[in-house]
Amino acid sequence: MKCLVEVILFFSCFVAMGHAQNHASFVSDNKIWYGEKEYFMGQDVSPWTFYMKGDTVIDSKTYTMAYGDMDSYFREEGKRIYRRLPDGQEFLMYDFNLEKNDVFCDAYSDNSDFKMQVLFKRSIEKEGQTLTCLGFGFYDAENENKSFDESSTEVLDIWIEGVGNISHPEYAFYSAIGNVGISQVKCCMIQDECIYKRMDH
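Residues numbered from 1 in each chain as written. Predicted model: local features only at pLDDT ≥ 70, side-chain atom pairs only at ≥ 80, totals over all residues. Heavy atoms only, no water.

Student: Would you mind going over the nonpolar core with me for this structure?
Tutor: For soluble globular proteins, nonpolar side chains are generally found buried alongside one another. Formed by 42 residues in total, the largest nonpolar core has its most connected members in Phe26, Trp33, Phe74, Phe136, Trp159 and Phe173. Elements with a contribution of two residues or more to this core: β2 (44-58), β6 (90-95), β8 (115-126), β9 (129-138), β10 (157-160), β12 (182-190) and β13 (193-197). Per-element accounting of this core gives the leading share, five residues, to β8. Not counting residues within four places of it along the chain, the set of residues in contact with Trp33 comprises Phe26, Trp48, Thr49, Phe50, Met52, Gly162, Val163, Pro169, Val185, Cys187 and Cys188. (Core = buried A, V, L, I, M, F, W, Y, C linked by side-chain atoms within 4.5 Å. Buried < 20%, exposed > 50% of the residue type's maximum accessible area, 1.4 Å probe, protein only. Helix = DSSP H or I, 4+ residues; strand = E, 2+ residues; numbered from the N terminus. Contact = heavy atoms within 4.5 Å.)

Student: What should I look at first to understand the sheet that holds strand β3 (residues 61-67) in this one?
Tutor: An order of β6-β5-β4-β3-β2-β1-β12-β13 is seen for the eight strands of this open sheet, with the pairing classed as antiparallel. The open sheet has two edge strands with one neighbour each: β6 and β13. Across this sheet, the average inter-strand angle for adjacent strands is 30°, counted without regard to direction. Relative to strand β4 (residues 72-77), β3 runs antiparallel, the two being bridged by three bridges. Among the inter-strand pairings, Thr64 is bridged to a residue of β4, identified as Phe74. (Pairing = 2+ DSSP bridges. Axes fitted to C-alpha atoms, helices over the stretch in contact; angles between N-to-C directions.)

Student: I keep staring at the confidence of the model for the protein chain and nothing clicks. Help me out?
Tutor: Interpretation of the predicted coordinates at a detailed level should be avoided for regions scoring low in pLDDT. Confidence in the prediction of the protein chain, expressed as mean pLDDT, is 83, and 80% of residues score 70 or more. Within the model, the stretch residues 1-23 combines pLDDT values under 50 with 61 contacts to residues more than four positions away or in other chains. (pLDDT = per-residue confidence, 0-100.)

Student: Any chance you could explain the pairing of β13 here in plain terms?
Tutor: Each regular strand carries side chains that alternate between the two faces of the sheet. The pairing of β12 with β13 spans four bridges and is antiparallel. Its bridge partner being in β13, Cys187 is matched across the sheet by Lys197. Between β12 and β13, which pair antiparallel and follow one another directly, the connecting turn spans two residues, one of which, Gln191, has a positive phi of 50°.

Student: So what exactly am I meant to see when it comes to the side chain of Lys37 here?
Tutor: Among the secondary structure elements, Lys37 is positioned in strand β1 (residues 31-39). It turns out Lys37 is buried and unbridged, and the closest side chain with the opposite charge, Asp69, is 5.3 Å from it. Those residues in contact with Lys37, other than ones at most four positions away along the chain, are Asp44, Val45, Ser46, Trp48, Tyr174, Val180, Gly181, Ile182 and Ser183. (Lys, Arg positive; Asp, Glu negative; His and termini not counted. Salt bridge = Lys/Arg side-chain N within 4 Å of Asp/Glu carboxyl O.)

Student: For this particular structure, what's the right way to read unusual backbone geometry?
Tutor: With the exception of glycine, the majority of residues adopt a negative phi angle, and the majority of peptide bonds are in the trans configuration. A positive phi is found at Asn30, a non-glycine position, where the angle reads about 60°. Here Asn30 shows up in the loop between α1 (2-8) and β1. Classification of Asn30 as partly exposed rests on a relative accessible area of 32%. Positive phi, normally seen in glycine, also occurs at Asp192, with a value near 70°. Within the secondary structure, Asp192 is located in the loop between β12 and β13.

Student: How should I be thinking about the packing of aromatic side chains in this particular structure?
Tutor: Think of a pair of aromatic rings as described by two things: how far the centres are apart, and how the planes are tilted against each other in angle. If you walk through the whole model with that rule in mind, you get 16 aromatic pairs. Ring centres of Trp33 and Phe50 lie 5.1 Å apart, and the angle between their planes is 40°; this geometry places the pair in the tilted category. Residue Trp33 is located in strand β1, and its partner Phe50 is located in strand β2; the two are separated by 17 residues in the primary sequence. Considered together, Trp33 and Phe50 belong to a single accessibility category, that of buried residues. Ring pairing ties together the aromatic residues Phe26, Trp33, Phe50, Phe74, Tyr94, Phe96, Phe104, Phe136, Trp159 and Phe173, which thus form one cluster. Sitting over the ring of Tyr82, Arg75 keeps its end group 4.4 Å from the ring centre. (Phe/Tyr/Trp six-rings, centres within 6.5 Å; stacked < 30°, edge-to-face > 60°. Lys NZ or Arg CZ within 6 Å of the ring centre and 35° of its normal.)

Shown next as structure tokens:
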């Protein structure tokens, strides 16, 4: 949780892309995320990469191929990002149209009752562009009348438009589902241009 808070507090490191039409797009050819996973209180740190390269058409829909923990295909409609697995299963992975208190069910989880709630929604202004930032926690009806921000302990996963989950873009909810280790995106690049970077400190 500490790493999540540290990452989100350094929005000054978020560099806007030079081409506005791709500014907030999650799905993009030649896009790569660099990150690291920390185990045992920092005694063991493993780097990881997740990248997109090449387009393909499946069932009359255009997907961008992605390579990471599991090779798959992504497509984007509006502010919704869909992921298609090699077995043909497709599900909604990100939805940046969500509002505060909305509930989002993670289709990738084995638990059908796994429900996450938007605890806060804010905008990030960068060079004339507006990016959506969403913070998620476990669903609780009592959260509806409460205020949360990046420092709230109830906030488990954070999405940034164009970057995805700042813990790991391949997982809509990395921290909440109990993955081993603390993961974080260190840098996200497209065509050699950095669009997001976590400040080292």
